Each structure stands twice: as structure tokens, then as C-alpha cells.
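# Chain and residue survey
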Amino acid sequence: KTARLTVVASTASPFKFAADVNAALDGAADRPTAPGGVEELSRLAARTGLAVPAPLDGLDRREKRFTARIAAGEMAAAAESAV
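Residues numbered from 1 in each chain as written. Predicted model: local features only at pLDDT ≥ 70, side-chain atom pairs only at ≥ 80, totals over all residues. Heavy atoms only, no water.

## Observations regarding the overall build of the protein
Helix and strand counts for the protein stand at three helices and zero strands. Along its sequence from the N terminus, the protein presents helices and strands in the succession α-α-α. Buried residues in the protein amount to 14% of all 83 residues. Nonlocal contacts in the protein, meaning residues at least 24 apart in sequence, comprise 34% of its contacts between residues at least 6 apart. (Helix = DSSP H or I, 4+ residues; strand = E, 2+ residues; numbered from the N terminus. Buried < 20%, exposed > 50% of the residue type's maximum accessible area, 1.4 Å probe, protein only. Contact = heavy atoms within 4.5 Å.)

## Looking at the nonpolar core
Phe15, Ala18, Leu41, Leu44, Ala45 and Val52 form the largest nonpolar core, which has six residues in total. Here the element with the most residues in this core is helix H2 (residues 38-48); it accounts for three residues. Ignoring any residue separated from it by four or fewer positions in sequence, one finds leucine 41 in contact with Phe15, Ala18, Val52 and Leu56. (Core = buried A, V, L, I, M, F, W, Y, C linked by side-chain atoms within 4.5 Å.)

## Notes on the confidence of the model for the protein
Per-chain confidence: the protein averages 86 in pLDDT, with 89% of residues scoring 70 or above. Ranking the elements of the protein by mean pLDDT puts helix H1 (residues 18-25) last with 88 and H2 first with 92. (pLDDT = per-residue confidence, 0-100.)

## So, the pattern of salt bridges
Tallied over the entire structure, the rule returns four salt bridges. The residue aspartate 26 makes a salt bridge to arginine 43 at a minimum N-O spacing of 2.5 Å. Separated by 17 residues along the polypeptide, aspartate 26 in the loop between H1 and H2 and arginine 43 in helix H2 bring together distant segments of the chain. Take arginine 43: its relative accessible area is 35%, and that puts it in the partly exposed class. For aspartate 26, the salt bridge is made with arginine 47, and the minimal N-O distance between the two is 2.9 Å. Here arginine 47 lies in helix H2 and aspartate 26 lies in the loop between H1 and H2, a separation of 21 residues in the sequence. One connected set of salt bridges, linked through shared partners, spans Asp26, Glu40, Arg43 and Arg47. (Salt bridge = Lys/Arg side-chain N within 4 Å of Asp/Glu carboxyl O.)

## Some words on H2
Listing the buried residues of H2 in full gives Glu40, Leu41, Leu44 and Ala45. Projection of H2 onto a plane perpendicular to its axis shows the buried side chains occupying an angular sector of 135°, all on one side. Of the exposed residues in H2, the ones pointing more than 90 degrees away from its buried face are Glu39 and Ala46. Looking one or two residues beyond H2, the residue adopting positive phi is glycine 49, at roughly 80°. (Arc of directions from axis to C-beta.)

## A look at the side chain of glutamate 40
Within the element layout of this structure, glutamate 40 appears in helix H2. Given the relative accessible area of 17%, glutamate 40 is considered buried. Apart from residues no more than four positions distant in its own chain, glutamate 40 is found in contact with Ala18, Ala19 and Asn22.

Right, dumping it as C-alpha cells:
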């Protein structure tokens, strides 16, 4: 049997989904992943040799701009008050 290689082309940066990409590279793509923090970006960069894109680099050192948490039942009212 001949080995077949597959090439996957995508316009999305793997760094936007670093936790899922790392899980896939770990061979654990079938398990759900929690949203990853900036450590997932660093881990993906280290294992691939790619640089973390500038808009994502240093997120852990930037000022938090949005901190509010809204319950699902309050989303409509929050959206209306923001407009």
C-alpha cells in the first residue's frame, strides 16, 4: 500500500485556533478543547517555527478592554443598550 499525503489549505491562521491545532498535533483532535490562553500561542509557535501574528502577539501584556460578562438571557437588553 502506498502512503498518501494530504495537503490542507486554509485562509484561517492556525494561531486563531491554537488550542485546537495543538490538540490535533498532539493526536487528540477528537477530544474537545477548552479555549486556550496565550500559552497555546507560544506552544504552537515553538512547535511549528512560525511567528505568532502581530495582532495576537503580546495579548497577555495588553490592557483588558472588555471585561463585562452577560448572562444569555440578558444579551438582547445589553445589545440594545450598547447601540
